[in-house]
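Here are the chains, one letter per residue:
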Amino acid sequence: MSPKHIVFKKVSHDKSVTVYMAKRDFVDHCDFVDPVDGVILIDPLQLQGRKVYVMLSCTFRYGRQDMDVMGVAFRRDLFLVTRQVYPELQDKDTLTHTKIQKKLLQKLGDNAFPFFFEFPDNLPCSVTMQPGPLDVGKKCAVEFEVKAFCGENRDEKINKQSSVRLSIRKIQFSPALSDVAPVAETTFEFLMSENPLHVKMSLPKETFYHGEPVKVNVDITNSSSRNIKNISLSVEQVTNVVLYSNDKYVKSVAIEETEDTVPAGTSLRTDYTLFPVLAYNRERRGLALDGRLKHEDTNLASSSIVKQDVLMDVQGILVSYKVVLRMIACGTLTSSDVCVELPFKLMNPNPEPAKDSETEDMVFEEFKRAYLKGVVYGDDDESPTEA
């Protein structure tokens, strides 16, 4: 049996335009990002002389839709580009970039037209902030969308009956695993103590996959006169929200409180295991999650990998992780807090590349507009008022 290629299809209410896309996830490989491509099928009779445009947008929403007041929306377009598809401004062959586009054009006929976009380097990946149990409406998120619409010109108000909206994602996968094991090592000196406290923390690897336990090796050599107690470890998610200012939010997504102690003149060497998974943090408002499509499940947000030369230009939401070791060094008169941090990456593994086959069949998957029971938004992430 020949392999089948899923093609996503969505039709406007008035049947004037239909969008076909071979995928909705576009991978940021750091040195380049998968381009966004597809085909639009038009109905010339329904168009009635209007033009057809396609738009790619990246939006940072930092407030719910019902918070948009006095014409001020709690959102900002980080990237927005619109191109005319029909009447075509260039020859189809010039605009056709992929094999799936060629197959779609052959199958759909003369009223089908290709579109193609490339992402700039400074866009974040799709991230959404987990709402609280009682929160409703659109969430704080970085969202990507492809929209096709009809009109006399690109600037006129879009008629919802003659438009199609498709949410897409910009995602990253784990880079090739490094042989270097992260290590944090430091020495603490205290008043009234001749010798120091030496703490070493290490991980077996730099990158962990979502759902994978994080094993931490802790080596404490206490040559001081202090007694070490209240040893705890946590995995902390650091979320940088970069817009008009740089706001940082730090939340523990896994924590291990221990009863271990290291009296003066002794040492401790042991392993601890932490589980930074969304399943244990479902009710925690404000955690960063990987952006989701439709109503599929997701996971904690993946670590953001940004090229150094564009880091200062990136806006949106950037996520990182670190293991934090905390303890208290108790003396006769005073106590001191001791803290050691070790960054690491939490990501999805890079999937095996799909084999390119000349014989693969196309299977069209419709996007239904009926709303799922108990869900605020429809399949395409549109609100009921927008569908």
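Relevant structure appears above.
The residue numbering used here restarts from 1 in each chain and proceeds along that chain's sequence as written. In keeping with the predicted nature of the model, local features appear solely for residues at pLDDT of at least 70, side-chain atom pairs appear and are counted solely at 80 or more, and the whole-chain, interface and lining totals rest on all residues. Derived side-chain values reflect all non-hydrogen atoms in the structure, with water molecules and hydrogen atoms excluded from consideration.

**Student:** Please provide a residue-by-residue account of the pattern of salt bridges, values included.
**Tutor:** Think of it this way: side chains of opposite charge can pair up when their charged atoms draw near. A pairing counts as a salt bridge when a side-chain nitrogen of Lys or Arg comes within 4 Å of a carboxyl oxygen of Asp or Glu. Throughout the structure, instances matching the rule amount to ten salt bridges. Measuring nitrogen to oxygen at the nearest pair gives 2.8 Å for the salt bridge that ties Asp 28 to Lys 170. Placement of Asp 28 in the loop between β3 (25-27) and β4 (36-42) and of Lys 170 in strand β10 (residues 163-171) is noted, with a sequence separation of 142 residues between them. We classify Lys 170 as buried; its relative accessible area is 1%. Among the ionic pairs, Glu 212 bridges to Lys 205, the shortest N-O distance being 2.6 Å. We count a stretch as a helix when DSSP gives it H or I for four or more residues in a row; a strand needs E for two or more, and each element gets its number in order from the N terminus. For every residue, the accessible area (1.4 Å probe, protein chains only) is compared with the maximum for its type, and the residue is labelled buried under 20%, exposed over 50%, or partly exposed between those bounds.

**Student:** Could you give an account of the side chain of Thr 82, with specific residues and numbers?
**Tutor:** In this fold, Thr 82 is placed in strand β6 (residues 75-86). Contacts of Thr 82, omitting those with residues within four sequence positions, involve Tyr 53, Val 54, Met 55, Phe 149 and Arg 154. Any two residues whose heavy atoms approach within 4.5 Å at even a single point are treated as in contact.

**Student:** Kindly report on helix α3 (residues 99-108), identifying the contributing residues and their values.
**Tutor:** Of the residues making up α3, those classed as buried are Ile 100, Gln 101, Lys 103, Leu 104, Leu 105 and Leu 108. Trailing α3 by a residue or two, Gly 109 shows a phi angle of about 95°, which is positive.

**Student:** Summarise empty space enclosed by the protein; cite the residues concerned and give the values.
**Tutor:** Only protein atoms enter the 1 Å grid, on which a cavity is a set of points fitting a 1.4 Å probe that cannot get out and a pocket is an open set with protein on both sides within 12 Å along at least 5 of 7 lines, lining residues being those with an atom within 4 Å of a point. Grid points are joined across faces, edges and corners, and a volume is the space filled by probe spheres set on the points. Applying the stated rule across the entire model yields one cavity of 30 Å³ or more. Of the volumes computed, that of the largest cavity is approximately 160 Å³. Taken together, 19 residues line the largest cavity, and the ones lying closest to its centre are Asp 28, Asp 121, Leu 123, Lys 170 and Ile 305. In terms of residue class, the lining of the largest cavity is built from twelve nonpolar, two polar and five charged. Side-chain classes are defined by residue name, with Ala, Val, Leu, Ile, Met, Phe, Trp, Tyr, Cys and Pro counting as nonpolar, Asp, Glu, Lys and Arg as charged, and the others, Gly among them, as polar.

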